[in-house]
Amino acid sequence: MSDVTPARPPSPSRFLVGAVFAVYNVARYLPDLLGSLERQTHPLDQIQLVFVDDGSTDGSLDVLRTWATGREDHVVVVSQENAWVAAARNTGIEHVDAEWVTFADPDDVFDDRYFEEVVKFIGLHGAPRVGLLATHQMRLNEGLELLNTHPLRMKFAKGSRIIDLDQEPVIQLAVNSAFFRTASIREHGIRFDGRVRPVFEDAHFIGRYLLATGKHDMGVLASAKYHYRMRGDGTSLMESHFDHPGKYTDVLRYGALDLLETAERSGGVPRWLENTVLYDLFWYFKNERALNSPSALAPAHTFDEFHELVAAIRGKISDDAIHSFDIMWVEYAVRRALLVGYSGGAERPAYAKLERVDEQRQLVKFTYWFTGGLPREEITVDGRVVQPVHAKSQDFVFYGRTVLRQRHVWIERGRLTRLRLDDRTIPFARGERYEPDEALTRRQLNPQILGQRKRLENKWADVDTPALQYVRRAAATVYHKARRGVYTRKLQDAALGVSVRTKRVRDRYQGAWVFMDRDTDANDNAEHLYRWVRAHHPEINAWFVLDARSKDWERLRAEGFRLVAYKSAEWRKLLLHAVHLASSHIDVYVVSPLDRRRYGEPRFTFTWLQHGVTNYDISRWVNAKPAELFVTVTPQEKASIAGDGPYTFTDREVVLTGFPRHDELLRKRRAVPEEQRDLLLIMPTWRKKLAGIQVAGSNERLKNPAFLTSEYAEQYNALVGSERIRDVAARTGKRVVFMPHPNMRPYLEDFDIPEWVEVWDFATKNVQDVLARAAAVVTDYSSLGFEAAFLDVPLVYFQFDAASFFDGTHVGRRGYFDYARDGFGPVADDVPGVERALEDIGTNGYVSAPEYLERTRSAFVTRDEHNSERVFRAMLALDGAPRIEEPERDAASALVG
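Conventions we followed
- Residues numbered from 1 in each chain as written.
- Predicted model: local features only at pLDDT ≥ 70, side-chain atom pairs only at ≥ 80, totals over all residues.
- Heavy atoms only, no water.
- Axes fitted to C-alpha atoms, helices over the stretch in contact; angles between N-to-C directions.
- Helix = DSSP H or I, 4+ residues; strand = E, 2+ residues; numbered from the N terminus.
- Parallel < 35°, antiparallel > 145°, perpendicular 65-115°, else oblique.
- Left-handed = near helix turned anticlockwise from the far one by under 90°.
- Contact = heavy atoms within 4.5 Å.
- Expected span 1.5 Å × (residues − 1).
- Buried < 20%, exposed > 50% of the residue type's maximum accessible area, 1.4 Å probe, protein only.
- Pairing = 2+ DSSP bridges.
- pLDDT = per-residue confidence, 0-100.
- Core = buried A, V, L, I, M, F, W, Y, C linked by side-chain atoms within 4.5 Å.
- 1 Å grid on protein atoms, 1.4 Å probe; cavity = no way out; pocket = protein on both sides within 12 Å on 5 of 7 lines; lining within 4 Å.
- Points joined across faces, edges and corners; volume = space filled by probe spheres on them.
- Nonpolar A, V, L, I, M, F, W, Y, C, P; charged D, E, K, R; others polar.

Right, let's talk about the packing of helix H1 (residues 30-38) against helix H2 (residues 60-68) for a bit. The description of two packed helices rests on the angle between their axes and on the distance between the axes. Running from N to C, H1 and H2 point in directions that differ by 20°, and their axes come no closer than 11 Å. Here H2 runs roughly parallel to H1, going by the angle between their axes. Regarding H1 and H2, the two cross each other, and that crossing is right-handed. Every residue of H2 that contacts H1 at Leu30, Leu34, Leu37 and Glu38 is listed here: Ser60, Val63, Leu64 and Trp67.

On to helix H6 (residues 201-213). With 13 residues, H6 extends 18 Å from end C-alpha to end C-alpha; this agrees with the ideal 18 Å at 1.5 Å per step. In terms of residue burial, H6 counts as a mostly covered element, since 11 of its 13 residues are buried. All buried positions along H6 are accounted for by Glu201, Asp202, Ala203, His204, Phe205, Ile206, Gly207, Tyr209, Leu210, Leu211 and Thr213. Immediately beyond the C-terminal end of H6, within one or two residues, lies Gly214, with a positive phi of roughly 70°.

Read across the sheet, 6 strands follow the order S30-S29-S28-S31-S32-S33 without closing on themselves; strand pairing throughout is parallel. A single partner strand is all that each edge strand has here, and the edge strands are strand S30 (757-759) and strand S33 (827-828). Relative to strand S31 (residues 774-779), strand S28 (residues 679-682) runs parallel, the two being bridged by 4 bridges. Bridge pairing links Leu681 to Val777 in S31. Set on the sheet, helix H31 (residues 831-843) makes contact with S31, strand S32 (795-798) and S33; between it and S32 the angle comes to about 175°.

A separate point is the confidence of the model for the protein. For the protein, the average pLDDT comes to 89, and 88% of its residues sit at 70 or higher. Note that residues 1-10 has pLDDT below 50 and, in this model, 14 contacts with residues that lie over four places away or in other chains. In this model residues 453-468 is a low-confidence stretch, pLDDT under 50, and it forms 38 contacts with partners more than four residues away in sequence or in other chains.

Right, let's talk about helix H23 (residues 635-642) for a bit. If you check which residues of H23 are buried, you get Glu637, Lys638, Ser640, Ile641 and Ala642. In the core, the buried residues of H23 are packed alongside strand S15 (390-398), strand S26 (627-632) and strand S27 (654-656).

Formed by 85 residues in total, the largest nonpolar core has its most connected members in Phe103 and Phe180. Among the elements that take part in this core, helix H9 (residues 271-289) stands out by supplying 9 residues, more than any other. Of all hydrophobic cores here, the second largest spans 61 residues; its members include Val579, Val613, Ala788 and Leu795.

Where empty space is left can be seen by rolling a probe of water-molecule size over the atoms. Using the criterion set out here, one finds 4 cavities of 30 Å³ or more in the structure. Size it by volume and the largest cavity reaches roughly 100 Å³. Contributing to the lining of the largest cavity are 14 residues, with Leu594, Gly600, Glu601, Pro602 and Phe604 lying nearest its centre. Those elements giving two or more residues to the lining of the largest cavity turn out to be helix H19 (569-577) and helix H21 (596-599). Residue composition of the lining of the largest cavity, by class: 8 nonpolar, 3 polar and 3 charged. In terms of lining residues, the second largest cavity is bounded by Leu132, Leu165, Val170, Ile171, Gln172, Ala203, Ile206, Gly207, Leu210, Met218, Trp272 and Thr276. Of all the secondary-structure elements, those providing two or more residues to the lining of the second largest cavity are H6 and H9.

Here it is in structure tokens:
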């Protein structure tokens, strides 16, 4: 593109380009905006700037008036009562005297050459057929880093150009990085619709503009960079709108549906408009599937209307538009939900997908999608009608309604398998890319044809021939040099491949069972299970993995644990020979420890021992994890995971065994005499939103300066300093102990902790020893509440922030467990409520009320000190041993005593 702006005919407007800013309480950001205007390489006095202050209360108007002084020839400042951003922009339109106008946000900034690039493009390509210009929106994060990460950035990949939207249906959603012909806005009476709030008003304005003008040629300006500020403090509309009822009603009715109906009246819905609506609609559903999403705040009273509106919108969008939508990645379940979930009838599958073969148990898994009630299933294996060995229906719930369901079925393996649903034969397919077959044959169930790994073979197959002995000795030298960085990673892999096949390594690690908790810490279910296996089944080749720098390393080494240092060369060799991996954690570094591109598919099966009882819905996080065994503690917990609901796991994977660490917890509790159970424990969990800014290149975080003024800090400061709790402790011979979450410790120096309160640290105290001495526990949402209840320790839930805790910032959402209905103690929403509850508990001799004891009896059916044994036998069953007998009642509640 030429650097010289071509001459152009005179404009009837005073200015070629102008910008309207709707300003509301952004005084702290205005200096950045105004500074970027002053740095423009295009003469600033040739740009009309219209600022509409929408009733700011933070001094924004004064900042604008001061800056506009002396610039009155091209700067307009207007003030009005607060009436929302749409009204402010409409006011600005009335003051525009420019041929092209943009509606920039006052908390953003412009690249120095922004307006120069816009004017240059207009001069070169501003033919009458071009009705809309889109500039390149970049993201400016809290650290003032400029990131090219906007989901719609791909339209700029080919540089600055003109796009025919009928041929290339890209979308533009933001008016802050777009320019419009002012004459067209006025000719067609286009204004921002104040009913479309809190979001989508930009897309609605752009859609109405394009439909009204009929100008579908859009100029794309890759070189004009607009810096969109990502505030990150929850104060912008894009960050704080998820609890707004209008997002789920008015936005759909007056925004998306209005555009589609307008297009229908004009002759049909163009693909660019379908894409615009789908982009916004898909985000509603994607947010519900996200691990952390504030869509958890969506008001339930809007859900029925939301789904009615989605159904109306879906009826005006073609199936092809949904199938072909590729502007961003969309999960198959989300796309499927919109395709079939709003048809009004029960959708049945066209095929069933073959998923897996379990060779050890000779089982086959298939899945299919459906809506409504469960179809009538008839499964025939080798001519016999059979029932599923394991089966469930996974519910995909969006905003309170099950929109889509997926059936997960395990059946016995045979030579010929057929499936009929509602009296109709359903073919099988190996995936969406394969043609379905009417029946499954034995050959099709070969794991190699399925692309499924063989558990006993992998990239490092066992080879040991005399001819390779010399090669192995030479490779050992290569390996050690490779470790010192002498050779490349490829040679390192080759050396490790040879080393892992040596007789020494095979004799040491063949058939290994690997146990680990966190990489940095032990003292959880894996440690306890390892200890039991080594004591009762020495024939098992058991190893424990831990970072050699861990505080637990020397303790376990002194006890005789067979330790392997995490991330060491021996650790890699161990994992390449392991047949089992069991951990209390299920993070990616645990379940996928080795790079599969380098080391091939893992040989081991993974057992998730869990870190705490699952009482929230964490399906969004764990469904994709490769857990072959999923350990649970209570019947209610197991039913919520293995039964119909949001999880993919069936009762094939989910077992009711109890936690291995609970065996030791019971023994420790029994060993503490009644008179030594003297601790009134206050044990809060953390709030993720209170974390400080992360230090670059580190896991450490700076202190959050706003922490002490947070409700969390104020409430716990008041609780810890409670004189009523002090009096209860003094009257009953107890001690008040505050044991805060580790993330809270940096702030303790700012707390007003009285002298009668002891502060204990998880880093120096064994939490089981602490709970064994507990007389009562005050917690909030921590899994430690289940640990205390397991011992029948009286419990109080301090939940002053229940609404905000489930706002989507944490991994879990509300699940089957309701604290008031199912909890093991009273729920208090303020400090006096906790005080009253502890006074009652003290008066009752530190024994829980009968209703709570009944709840613990029905929940904790594994208080018999056989949890480790049950987990061990369940792991053996993965290798083909008989399934374990699960407990059905609390046979040992008296042992808690």
